Structure formats: C-alpha cells, structure tokens
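Residue-level structure breakdown
The lines below spell out each chain.
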Amino acid sequence: MSTPQGLARQGPQQLSDRHPAQLADVLERVLDKGIVIAGDIRIELLDIELLTIKLRLLIASADKAREMGIDWWQGDPFLSRNAREREGLEGRLKALEEKVGLDGEAQEDQ
Amino acid sequence: VTVSAPQETAYYVYGVVPRDQGLPPLEGVGLDVEFAPELIASGPLAAVASRIRVRSAEPVELDAEDAVARVLAHEAVLERVLETAEAVVPFRFGSACAEEADVVALLEAREEELVEALARLAGRVELGVKAYVDPVRVADAVCDGDDELAALRAEIASVGEGTAHLRRKQLDHRIAESAALERARVATALHRRLAATAVASCTNPLPEAASGLQPVINGAYLVERTDEGAFRRGAADAAAEHGAFGLRIDVTGPWPAYNFVGVDG
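Procedures and definitions
Residues numbered from 1 in each chain as written. Chains lettered and ligands numbered in written order. Predicted model: local features only at pLDDT ≥ 70, side-chain atom pairs only at ≥ 80, totals over all residues. Heavy atoms only, no water. Phe/Tyr/Trp six-rings, centres within 6.5 Å; stacked < 30°, edge-to-face > 60°. Lys NZ or Arg CZ within 6 Å of the ring centre and 35° of its normal. Core = buried A, V, L, I, M, F, W, Y, C linked by side-chain atoms within 4.5 Å. Buried < 20%, exposed > 50% of the residue type's maximum accessible area, 1.4 Å probe, protein only. Helix = DSSP H or I, 4+ residues; strand = E, 2+ residues; numbered from the N terminus. Contact = heavy atoms within 4.5 Å. Pairing = 2+ DSSP bridges.

The subject of this paragraph is the packing of aromatic side chains. Scanning all chains against the criterion turns up 3 aromatic pairs over all chains. Through a chain of ring-to-ring contacts, three or more aromatic side chains come together here, namely Y12, Y14 and F93 of chain B. Directly above the ring of W255 of chain B sits R29 of chain A, whose terminal nitrogen or CZ lies 4.3 Å from the centroid.

L45 of chain A together with Y12, L31, V71, V81 and F93 of chain B are the most contacted members of the largest nonpolar core, which totals 39 residues. Residue assignment for this core shows that the elements contributing at least two residues are α1 (23–32) and α2 (46–59) of chain A together with β2 (9–18), β4 (45–53) and α1 (64–84) of chain B. The dominant element in this core, judged by the number of residues it contributes, is α1 of chain B, at 10 residues. For F93 of chain B, the contacting residues outside a window of four places in its chain are V30, L31, I48 and T52 of chain A together with Y12, L31, R70, V71 and H74 of chain B. Judged by nonpolar contacts, the second largest core, of 32 residues, contains V133, L152, A179 and A238 of chain B.

Another point: the pairing of β2 of chain B. Residue and element names in this part refer to chain B. The element β2 is extensively covered by neighbouring structure, given that 9 of its 10 residues are classed as buried. The sheet contact formed by β2 and β4 spans 9 bridges and is antiparallel. Looking across to β4, one finds that P18 is bridged to L45. Alignment of β2 against strand β6 (residues 96–97), held across 2 bridges, turns out to be antiparallel. When the bridges of β6 are listed, Y12 appears paired with A96. Two strands pair when backbone bridges link them, and β2 and strand β5 (residues 89–90) are joined in this way by 2 bridges, in the antiparallel orientation. Bridge pairing in β5 places G15 opposite P90.

Here is the structure:
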C-alpha cells in the first residue's frame, strides 16, 4: 500500500468476535474514561481529534443505532441527524476538516 | 498542547503495565497496522505504545466507520494485554506524545499515581452491567400491589372512553410515579448485590430507553478475576428474582478497568 496519509483505512476486523451490542459499551469507556495525558507532553493529532468528534456525534444515537445491528456505524448518521446540541461539535468538526483540506468533500454525498 | 505535529511519526499510548510484564504478540493490532505496540519503560513502569504515522500532505477522509475501527483497535490492544498481564492501566482514546522521550517523561511525572493504580488493579478486571425492565410489566406489578390503583384501573375499564379521560390521566400519573420508585428500588437492590462481589463499583448515566426496555442501571464493577463466575451468577440470580418486572441484565467484560483509573478512580 502506498497511501501517504497518516491513518490508512482499516476495517473493524480486530474485534470480530465482539457482539455488536457491546460497541456502545466500548465507546462509553474508550472515549470518556481512562487516563488522560495532560500538558505539554500531549500532542493533538488532527486525525485522532477528527475521529473523536465524529464518534461523539455518533454516540448520541448509539443506543438507537445498536438496534440496527452490526452495520450501525456505516450510515454516517451524524450527517443526517439534526440534534441541536451537536452544533458545537459540528462546528469544531468543520473547522478541523477545513484545516486538513477536507472542506467540501463531506458535502458531496448530500 | 501542540497542534498538528510536524514530524513523521508520533507515539500513541494505549496504557501502562508493570515494567517486568512483557507483551503478548501484537503484530497487526493497533491504530496503525504498520507499527506493532511495544513497551517504553521507565522506572517500575512501561507504557504500551505504538508509533503512528502523522498526516502528511495528502488529505484522507476518515468516516465514522474508520473512527469505530480506530477505537476498537485501541480496545483490542488493551484486551490482548489484559489476557496475559496482571494489571493494565488503560488510557483514554487519543493519548499521544510527539517523542519517545515524552512518553518516558510522562511515566516519570505520574509514576506514583500509575504505580498505585497498577497495585490496586492487580488480578482484577472491570465488568460492566446494564439492566433493563419491561415498563408494561412494571406498571402491571405496581397496580397489582396497590389496592387503590387496582380499583382505579377497574373503574376506568368499566366506563366509556370519553368520560374516563381525566381519571385515566390521573391513573397514568400515579403509575408513572410508582414505577419510577420501583425502578429505583430495583436499581439499588441490584447495585448493592453486585457491589458485594466487587472490590469497587460505580454507576454511570443511564442509556436511552431502547426497544421497549427501560434502563435501570449502568454500572461498572471492579472484580477479582477469580470472582467473575460468582459475579455473573449473582447477576443471573437477580434477573430471575425480579422476573415480574421482566428484568434483563447484560454483563459485559472483562474490560480493562477504565472506570477505576484517573481522577475519580
């Protein structure tokens, strides 16, 4: 693979034995719990921050989504849902996407 | 906080283990499959970390699926480590340092806290519990156990739709109040029972109601590995005891002890 970008795509195959209903449990823990690196030692990776924001948008509907089964994350529901409380996150997402040159691409599918 | 690293790779930190722990084979697992997680040691500690390529000129669109894959990769590394390690202190998603020296500095700066956490978690795992009741069965149980409500229900059933409207609203309100009380009772009883088999416990915000099930508890329990079976049996027994409410208990794990590290751990 000769992709030059930082994070190559990879499928969710690593926990293939995990029941899909547990995805909400994984997200609850990995995004909101655990030790946080603080201060100058921490580095903010744009890719990672983008992913985190997208997941936070997703998680608001995770319990509905989990009913949809194993493919629940594939619909990119953050594009179609209109929760007002997400505006702040979406603003941050847009700013970040502009910063990394993704502006416009996310709108193409609409 | 540095934004957008200029260098080629950074170090992504999954968690911390005792220095002498060693790692299970982790090839092909992790946030960047090019780089297997390794140990970066300092004093009595070692960080489970992997190099991760930092974005260069070419932009890539990462969708929700990628995001989930990445989080699962973080979790997969820690679960593999947990299989063989006596203890692991999990880090939150997105924890990264620019240089290996920064990871070492991190271990030095927080050595006391991390050593204490590893000692506390040794031989223990986190189990998650989400429990739900069937709101219809709770409402039925509430009316069956209250003569006044039962009489009100019978009265409404015996008169016509229109005339019963106000009484019906009154009944619904009373049932909702009693049902909330019953759910709180179930949650308290359940949590106490589960916590009795755990060395530490905490509760988190309830998930949204889904598919006709009303959540009553979202708890995390730090349990001795040797007590996992007993804990699961206790949960199953509790579900059977509250069968009248249609109680369903989902036990998940064993997890790295996310809920028992950090500021409020």
